[in-house]
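Okay, here's what each chain looks like letter by letter:
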Amino acid sequence: MQQPRPSASAPGHVGVKTIRTSELQPNPHNPRMLFDRAPLEMLKASIEKVGILVPLTVYWAKAQNAWVILDGQRRWMCAGELGLKTVHVNEVAEPDLVQNIVTMFQIHKLREDWELMPTALKLEVLMRELKEKKDKQLAVLTGLDQAVVARCKKLLSYPKSYQDLMLDPDPAKRVKADFFIELYAVRNDRVVNKMRWFRRDKFTQRMLEKYQRHSSGLKAVTDFRTMKQHIANAHTAKRDTQLSAKLKEFTYDDSLTIDHLVVSGAGTAAETRRLLALVAKVEESLASMNVADYYGENELWRRLEHLLKLIRQKLLAAGRRLRA
Amino acid sequence: MRTPKSRGAPIDSTRLAGWARRFSGYRRPITEQAIDSWLGPFGDQQDVGARLLDSVEYVSHDLIDGAFKAILPRLSGWSKGTAGRTGKWRFVAFSTSAGESGDSMLFRFRTANGMSAARYRELFIHKSELLREELGPDDTVVFVDDFAGTGRQACEAWASNLAELLPGNPRVVLLLVAASRTARKKIGSETLMRVESHRVLTTSDDLFHSSCSHFSGTEKRRILELCQLADPRKPKGFGDCGFVIVFAHRCPNNSIAILHASNRRWKGLFPRD
């Protein structure tokens, strides 16, 4: 049987009120391992001095029969640690599932140390409920970086049994999302998918076994980039048949290393060396450049801007993560 | 922990055969020869090793099935028939590492409770499907696994991702074959999961605890010496649990090291790999 709402707080009337700190519950859509200790200590010190200046945003969750925080979990945690009996809150109407998820995304953004799979699963709910699949739209909606949306969608493309591996209770056994994200490029490669022996899930399983055994030719998740490059090189050199045989051998023979996938005559080593030399020259010139001497050289700045854009595009296409 | 035979009971072929029979079905074959080799390092105190083997609580596949069969009807609101069930019920493997216990436990749980038929399929879902199920307070999620020794892993899992997958506050049950009292308490206080276990291990199941009266102080010291040889970092098992429980599919890491550690210094009878 449901208990009556706490009378002092008289929920239902949207607006600012005061309720007991202990009556509040964190939002279930929040990642629990959410808050870094240092900024939390700073906020605590501030609250101790001047109190909570901005009321917490809360709603009355009918099903749970409880006050749930929509925004202000850090303030609430500090209030609890400081022993504040009550806090000012701003009650808003109970959000539905989609509204709640979107709000949580917008408030917390995504941090690198959070597990990506729960975020991907929330994104899945949003995609289904809103019938929206475009990365750009989803990024705007959630406040997530477009690249993060793309990564989440890659995870969602895997069967549920693989998704579960990213949710294992034992952190040591939990497979990192990066494994599946890096594998995606090979698993979905058109050339590879045309190979007669290739079965996506069997291949995924074998790669997982190789990766978990460490001593079986696959040392790091970034090896899939090298694998993808060897595939592209072989395809460009029209050596798909040779590549297919080599990839099959590598897949099922744990004694082989990634180098086994090199198809003779299909390498880009010489071109890579040439590009590296050019990049080194440009780097050296730019490092020694005194900017003030070149203020008026508009054409130079225009070309550099263009170069920057091009480098960015290429890095993104290569799946490199760019930092601001 | 089982009561061992009295001190000085002969370590003869009958006793050896009895152990081999009792431990049959373990993931690695346990022969009389393997048992004999395992007793070797006890030297002139082989009686201690023999009594330790007597005390091992071996949970066979049949016992696991029996435990799962016994627990489910105890859960309020459950009925095999849809009409008699309260709310939506979902059964989920707690640990999901490829080929690990959680997956196989869920399978055993399903067959033990006679729910192999296709009509029960919707009740058994993946963890990654929980969020989209939109389970509410009238619904029940049952996580199925074999064992909780300290409860630490379950609590960490709850904090790192499980709670996020269950925003609608359904009733959450962690259904286990066995759990320590400490684990039950920790999980109960730090998460919203309620532990239902067929067997509850107490301090008397901790071989090194004073309330374990099957072994004398001297015998415990000898066992500990060998445990330290087998695994200097965790001689009493993970979380210093000191248990002697072994499941047919795997020995928990909370059990004492001489049972499962397998390295250059020691060859455990119940290796985990």
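Conventions adopted
Residues numbered from 1 in each chain as written. Chains lettered and ligands numbered in written order. Predicted model: local features only at pLDDT ≥ 70, side-chain atom pairs only at ≥ 80, totals over all residues. Heavy atoms only, no water. Helix = DSSP H or I, 4+ residues; strand = E, 2+ residues; numbered from the N terminus. Rg over C-alpha atoms; globule rule 2.2 N^0.38 Å. Buried < 20%, exposed > 50% of the residue type's maximum accessible area, 1.4 Å probe, protein only. Contact = heavy atoms within 4.5 Å. Areas by Shrake-Rupley, 256 points an atom, 1.4 Å probe, with all protein chains shown as cover. Lys, Arg positive; Asp, Glu negative; His and termini not counted. Charge placed at Lys NZ, Arg CZ, Asp CG, Glu CD. Axes fitted to C-alpha atoms, helices over the stretch in contact; angles between N-to-C directions. Parallel < 35°, antiparallel > 145°, perpendicular 65-115°, else oblique. Left-handed = near helix turned anticlockwise from the far one by under 90°. Nonpolar A, V, L, I, M, F, W, Y, C, P; charged D, E, K, R; others polar. Phe/Tyr/Trp six-rings, centres within 6.5 Å; stacked < 30°, edge-to-face > 60°. pLDDT = per-residue confidence, 0-100. Buried area = accessible area lost by both parts, 1.4 Å probe. Salt bridge = Lys/Arg side-chain N within 4 Å of Asp/Glu carboxyl O. Core = buried A, V, L, I, M, F, W, Y, C linked by side-chain atoms within 4.5 Å. Expected span 1.5 Å × (residues − 1). Pairing = 2+ DSSP bridges.

Below, the discussion takes up the overall build of chain B. Counting its regular elements, chain B contains 10 helices and seven strands. Taking 19 Å as the expected radius of gyration for a compact globule of 273 residues, we find that chain B reaches 20 Å, a close match to that expectation. Considering only C-alpha atoms, chain B reaches an extent of 60 × 35 × 30 Å along its principal axes. Residue burial in chain B is summarised as follows: out of 273 residues, 55% are buried. Of the contacts made within chain B by residues no fewer than 6 positions apart, 66% connect residues no fewer than 24 positions apart. In the structure as shown, chain B presents an accessible area of about 11,600 Å², 48% of it carried by carbon and sulfur atoms. Seen as two clouds, the 40 positive and the 30 negative side-chain charges of chain B have centres 1 Å apart.

Quick look at the overall build of chain A now. Helix and strand content of chain A: 14 helices and five strands. With 324 residues in all, chain A has 40% of them scored as buried. Look at the contacts in chain A between residues 6 or more apart in sequence, and 68% of them connect residues 24 or more apart. Just so you have it, chain A exposes about 18,900 Å², and 55% of that area is on carbon and sulfur atoms.

Moving on, we come to the packing of helix α8 (residues 177-187) of chain A against helix α10 (residues 200-213) of chain A. Residues and elements named next belong to chain A. At a closest axis distance of 11 Å, the pairing of α8 and α10 adopts a crossing angle of 135 degrees. One way to sum up the angle between α8 and α10 is to call them oblique. Handedness of the crossing formed by α8 with α10: right-handed. Contacts from Phe179, Phe180, Leu183, Val186 and Arg187 in α8 reach Arg200, Asp201, Phe203, Thr204, Met207, Leu208 and Tyr211 in α10. In terms of residue class, the contact of α8 with α10 is built from eight nonpolar, one polar and three charged.

Applying the stated rule across the entire model yields 26 aromatic pairs over all chains. When the ring of B:Trp78 is compared with that of B:Phe91, the centres are 5.4 Å apart and the planes differ by 80 degrees; the resulting orientation is edge-to-face. You can see B:Trp78 sitting in the loop between α4 (61-71) and β2 (89-93) and its partner B:Phe91 sitting in strand β2, a full 13 residues away along the chain. Each member of the pair, B:Trp78 as well as B:Phe91, is classed as buried. Three or more aromatic residues joined by ring pairs make a cluster, and in this case those are A:Tyr158, A:Tyr162, A:Phe179, A:Phe180, A:Tyr211 and A:Phe224.

For the rest of this paragraph, the subject is unusual backbone geometry. Glycine aside, the phi torsion of most residues is negative, and most peptide linkages are trans. Residue and element names in this part refer to chain B. Unusually for a residue other than glycine, Glu134 sits at a positive phi of about 50 degrees. The partly exposed category is assigned to Glu134, whose relative accessible area is 40%. With a phi angle near 60 degrees, Asn169 is a residue other than glycine that sits in the positive phi range. Inspection of the secondary structure assignment puts Asn169 in the loop between α7 (152-165) and β5 (171-180).

As a note on interpretation, predicted positions should not be read in detail where pLDDT is low. Residues with a pLDDT of 70 or more make up 98% of chain B, whose mean pLDDT is 93. Complex prediction metrics read pTM 0.79 and ipTM 0.78.

This next bit is on the interface of chain B and chain A. Across the contact, 26 residues belong to chain B and 31 residues belong to chain A. Taken together, both faces of the contact between chain B and chain A bury some 2,700 Å²; the carbon and sulfur share is 58%. Applying the counting rule to chain B against chain A returns three salt bridges. A salt bridge links A:Arg128 to B:Glu134; the shortest N-O distance between them is 2.9 Å. At nine residues, the largest contribution of residues to the side of chain B that touches chain A is made by α7(B).

This part takes up the nonpolar core. Within the largest apolar cluster, 78 residues are counted, with the highest numbers of intra-cluster contacts made by A:Phe180, A:Met227, B:Phe143 and B:Met193. Considering each element in turn, this core owes the most residues, eight residues, to helix α4 (residues 116-130) of chain A. Among all residues touching A:Phe180, those that are not within four sequence positions of it are A:Leu155, A:Tyr158, A:Tyr162, A:Leu165, A:Met166, A:Val175, A:Thr204 and A:Leu208. With 37 residues, the next largest nonpolar core counts B:Met1, B:Val48, B:Phe215 and B:Leu269 among its residues.

With 14 residues, helix α11 (residues 223-236) of chain A extends 20 Å from end C-alpha to end C-alpha; this agrees with the ideal 20 Å at 1.5 Å per step. Buried within α11(A) we find A:Asp223, A:Phe224, A:Met227, A:His230, A:Ile231, A:Asn233 and A:Ala234.

What follows is about the sheet that holds strand β3 (residues 124-125) of chain B. Residue and element names in this part refer to chain B. Reading across from one edge, β3-β2-β4-β5-β6 is the order of the five strands in this open sheet, with parallel pairing throughout. In this open sheet, the two edge strands, each paired with only one partner strand, are β3 and β6 (193-201). Across eight bridges, β5 lies against β6 in parallel orientation. Each bridged residue has a counterpart across the sheet, and for Ala179 the counterpart in β6 is Val200. Docked against the sheet, α4 engages β4 (140-148), β5 and β6, running at close to 145 degrees with respect to β5. The strands touched by α7 within the sheet are β4, β5 and β6, with β6 carrying the most contacts at an inclination of about 160 degrees.

Residues and elements named next belong to chain A. Tallied over the entire structure, the rule returns 34 salt bridges over all chains. The shortest N-O distance in the salt bridge between Lys44 and Glu81 comes to 3.1 Å. Remark: Glu81 occurs in helix α2 (residues 73-82) and Lys44 occurs in helix α1 (residues 37-50); sequence separation between them is 37 residues. Sharing partners across several salt bridges, the network here consists of Arg206, Glu209, Lys210, Arg213 and Asp254.

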